[in-house]
Amino acid sequence: GPKVLQIPSHQIIDMGQMVTLNCDPVSNHLYFYWYKQILGQQMEFLVNFYNGKVMEKSKLFKDQFSVERPDGSYFTLKIQPTALEDSAVYFCASSLLGGHTGQLYFGEGSKLTVL
Amino acid sequence: SQWGEENLQALSIQEGEDVTMNCSYKTYTTVVHWYRQDSGRGPALIILIRSNEREKRSGRLRATLDTSSQSSSLSITAAQCEDTAVYFCATEGTGSKLSFGKGAKLTVSP
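Residues numbered from 1 in each chain as written. Chains lettered and ligands numbered in written order. Predicted model: local features only at pLDDT ≥ 70, side-chain atom pairs only at ≥ 80, totals over all residues. Heavy atoms only, no water.

**Overview of the overall build of chain A**
On a plain count of helices and strands, chain A comes out with 0 helices and 11 strands. Walking chain A from its N terminus toward its C terminus, one meets helices and strands in the order β-β-β-β-β-β-β-β-β-β-β. Taking 115 residues into account, the globule formula puts the C-alpha radius of gyration at 13 Å, and chain A, at 13 Å, falls close to it. Expressed along its principal axes, the backbone C-alpha trace of chain A runs to roughly 40 × 25 × 25 Å. Looking at chain A as a whole, 46% of its 115 residues qualify as buried. Within chain A, counting contacts between residues at least 6 apart in sequence, those at least 24 apart form 54% of the total. Carbon together with sulfur atoms contributes 53% to the accessible area of chain A, which is approximately 5900 Å² in total. Here chain A carries 9 positive and 10 negative side-chain charges, and the mean point of each set is 3 Å from the other. (Helix = DSSP H or I, 4+ residues; strand = E, 2+ residues; numbered from the N terminus. Rg over C-alpha atoms; globule rule 2.2 N^0.38 Å. Buried < 20%, exposed > 50% of the residue type's maximum accessible area, 1.4 Å probe, protein only. Contact = heavy atoms within 4.5 Å. Areas by Shrake-Rupley, 256 points an atom, 1.4 Å probe, with all protein chains shown as cover. Lys, Arg positive; Asp, Glu negative; His and termini not counted. Charge placed at Lys NZ, Arg CZ, Asp CG, Glu CD.)

**Thoughts on the packing of aromatic side chains**
By convention here, two paired aromatic rings are described through the distance between centres and the angle between planes. Counted under the stated rule, the structure contains 12 aromatic pairs over all chains. Between Tyr35(A) and Phe45(A), the ring centres sit 5.7 Å apart and the planes meet at 75 degrees, which makes this aromatic pair edge-to-face. Taken as a pair, Tyr35(A) in strand β4 (residues 31-37) and Phe45(A) in strand β5 (residues 43-50) lie far apart in primary sequence, 10 residues in all. Comparing Tyr35(A) with Phe45(A) shows no difference in burial state: the two are buried. With 5.2 Å between their ring centres and 40 degrees between their planes, Phe49(A) and Phe75(A) make a pair best called tilted. With Phe49(A) in strand β5 and Phe75(A) in strand β8 (residues 75-79), this residue pair connects regions lying 26 residues apart in the sequence. Residue Phe75(A) is classed as buried on the basis of its relative accessible area of 0%. An aromatic cluster is present here, built from Tyr35(A), Phe45(A), Phe106(A), Tyr35(B), Phe88(B) and Phe100(B) joined pairwise through their rings. (Phe/Tyr/Trp six-rings, centres within 6.5 Å; stacked < 30°, edge-to-face > 60°.)

**Concerning the sheet that holds β8(A)**
Residue and element names in this part refer to chain A. The strand order β1-β3-β8-β7 describes an open sheet built from 4 strands, whose pairing is antiparallel. The sheet is open, and its two edges are formed by β1 (5-7) and β7 (65-68), each paired on a single side. Neighbour-to-neighbour, the strand axes of the sheet open up by a mean angle of 15 degrees, direction not taken into account. The pairing of β7 with β8 spans 4 bridges and is classified as antiparallel. In the strand pairing of β8, Val 67 is matched with Leu 77. (Pairing = 2+ DSSP bridges. Axes fitted to C-alpha atoms, helices over the stretch in contact; angles between N-to-C directions.)

Set out below in structure tokens:
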């Protein structure tokens, strides 16, 4: 089936550093998402993105977070600066359609460890 | 929160048994997604049920949706070891956002 690729699969950084998580969504998809999951807990919505713009973001999407998809390349999540509480697995997802018809396809996750 | 506290479940069953996982939600939705997440992997959609479908089947899976009580269930018939995973229900809120419940960790033993 359709695949969403995430790079890196695992990153360890020091608190205060910047990190960029990359997502290669399904090729013809139009809607993109980031979710955060702390080990053993539920998936928490961070942000969704369509037509070059953030559509909606949650309270977890702090000012230090930003997303972009320049020129149809990777959909990225940047955290600058990172904090200890940013340690989690970040999942990227994409869907062809939004609203009530869009099945989300998730990547395998990028595990971020902030020391 | 979008979800009721009863969404947190851990279930252990034997192969061949049937199992039902429940979720309840607080915010109106017209569709409930059920995802499964294998250890170390991303979630994958297994069944989606809309408000005009009180019941939906896919192989050994059966989902129900009761919009009046704002609850949904996922049943697995004759569970197999490979059904071991965490199962999440998710509802669609404003825009294209999916909100996930706490999940149910299912362990199927031989």
